[in-house]
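Observations on the model geometry
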Amino acid sequence: MAFQVHDIARLFLVRSPMTHKKLQKLCFYAQAWHYYYYNKPLMQTDFQAWIHGPVSPQLYDIYRRYGFDEIPAIEKSKVPDFDRHTVSVINAVYIVYGQFTGDELEVRTHGETPWLTARGKLPPFQISHAIITPEFMIDFCQKSMNQNACEV
């Protein structure tokens, strides 16, 4: 069963306040890793290849009011309990990517195949709603495993 994107976002926000851009990228990586390890989505959302990297439109609608300001951290009591597989993916993604800013994660995703492939030949600043497919995510993780980038 896939979770709502806002519930997964809350798991990241329990750890620290962060910008909307950073939250989007962490959720994207969590979705990609979950597809890779369990061959199914973690969240009921698509990620699109927007100008600033992978974005879930549903998550964007929830947090866009923060603009470039940080979204405050939330209390653990406001997060539902999750199974150990979900928590292990979230923990691993945060360990690998949580140290980066939203801008650094944007640069990183701009150099990775899921975003690049979904955008095709579009110029970097052209609006796109192209879906980053599960296949693009799984392929990225398979190739990244050689570099220990997607280990849970």
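Note that the coordinates shown come from a computational prediction; the quantities given were computed from them, not determined experimentally.

Counting its regular elements, the chain contains seven helices and five strands. The secondary structure elements of the chain, listed N-terminal to C-terminal, are α-β-α-β-β-α-β-α-α-α-β-α. Here the chain has a C-alpha radius of gyration of 14 Å; the compact-globule value for 152 residues is 15 Å, and the two agree. Referenced to the eigenvectors of the C-alpha coordinate spread, the extents of the chain come out at roughly 45 × 35 × 25 Å. The burial tally for the chain puts 46% of its 152 residues in the buried class. Long-range contacts, defined here as pairs at least 24 residues apart, represent 75% of the contacts in the chain between residues at least 6 apart. In the structure as shown, the chain presents an accessible area of about 7,900 Å², 54% of it carried by carbon and sulfur atoms. Charged side chains of the chain number 15 positive and 15 negative; the gap between the two group centres comes to 1 Å.

By the element assignment, serine 128 lies in the loop between helix H6 (113-119) and strand S5 (131-132). At 3.0 Å, the side chain of serine 128 forms a polar contact with the backbone nitrogen of alanine 130. Residue contacts for serine 128: discarding those within four places in its chain leaves Ala49, Trp50, Arg119 and Leu122.

A separate point is the pattern of salt bridges. If you walk through the whole model with that rule in mind, you get six salt bridges. Between aspartate 103 and lysine 21 there is a salt bridge, with the nearest N and O atoms lying 2.7 Å from each other. In this pair, aspartate 103 sits in helix H5 (residues 102-110) while lysine 21 sits in helix H2 (residues 20-38), placing the two residues 82 residues apart along the sequence. Taking relative accessible area as the criterion, aspartate 103 reaches 49% and is therefore assigned partly exposed. In this structure, the salt-bridge partner of arginine 64 is aspartate 61, at a minimum N-O distance of 3.7 Å.

Turning our eyes to something else, we now look at the environment of glutamine 24. Following the sequence through the fold, glutamine 24 ends up in helix H2. The buried category is assigned to glutamine 24, whose relative accessible area is 2%. Here the alpha-carbon distance between glutamine 24 and glutamate 106, two residues 82 residues apart in the chain, equals 9.6 Å. If near-sequence neighbours (up to four positions away) are discounted, glutamine 24 is found in contact with Phe47, Pro54, Val55, Ser56, Leu59 and Tyr60. Polar contacts involving the side chain of glutamine 24 include one to the main-chain amide nitrogen of serine 56, which spans 2.8 Å.

Turning to helix H1 (residues 5-15), a few remarks are in order. Restricting attention to buried positions, one finds in H1 the residues Val5, Asp7, Ile8, Ala9, Leu11, Phe12 and Leu13. Each element contacted by the buried residues of H1 is listed here: strand S1 (18-19), H2, helix H3 (57-63), strand S4 (70-71) and helix H4 (84-97).

Calculation criteria
Residues numbered from 1 in each chain as written. Predicted model: local features only at pLDDT ≥ 70, side-chain atom pairs only at ≥ 80, totals over all residues. Heavy atoms only, no water. Helix = DSSP H or I, 4+ residues; strand = E, 2+ residues; numbered from the N terminus. Rg over C-alpha atoms; globule rule 2.2 N^0.38 Å. Buried < 20%, exposed > 50% of the residue type's maximum accessible area, 1.4 Å probe, protein only. Contact = heavy atoms within 4.5 Å. Areas by Shrake-Rupley, 256 points an atom, 1.4 Å probe, with all protein chains shown as cover. Lys, Arg positive; Asp, Glu negative; His and termini not counted. Charge placed at Lys NZ, Arg CZ, Asp CG, Glu CD. Polar contact = N/O pair within 3.5 Å; in protein donor to acceptor, adjacent residues only side chain to side chain. Salt bridge = Lys/Arg side-chain N within 4 Å of Asp/Glu carboxyl O.

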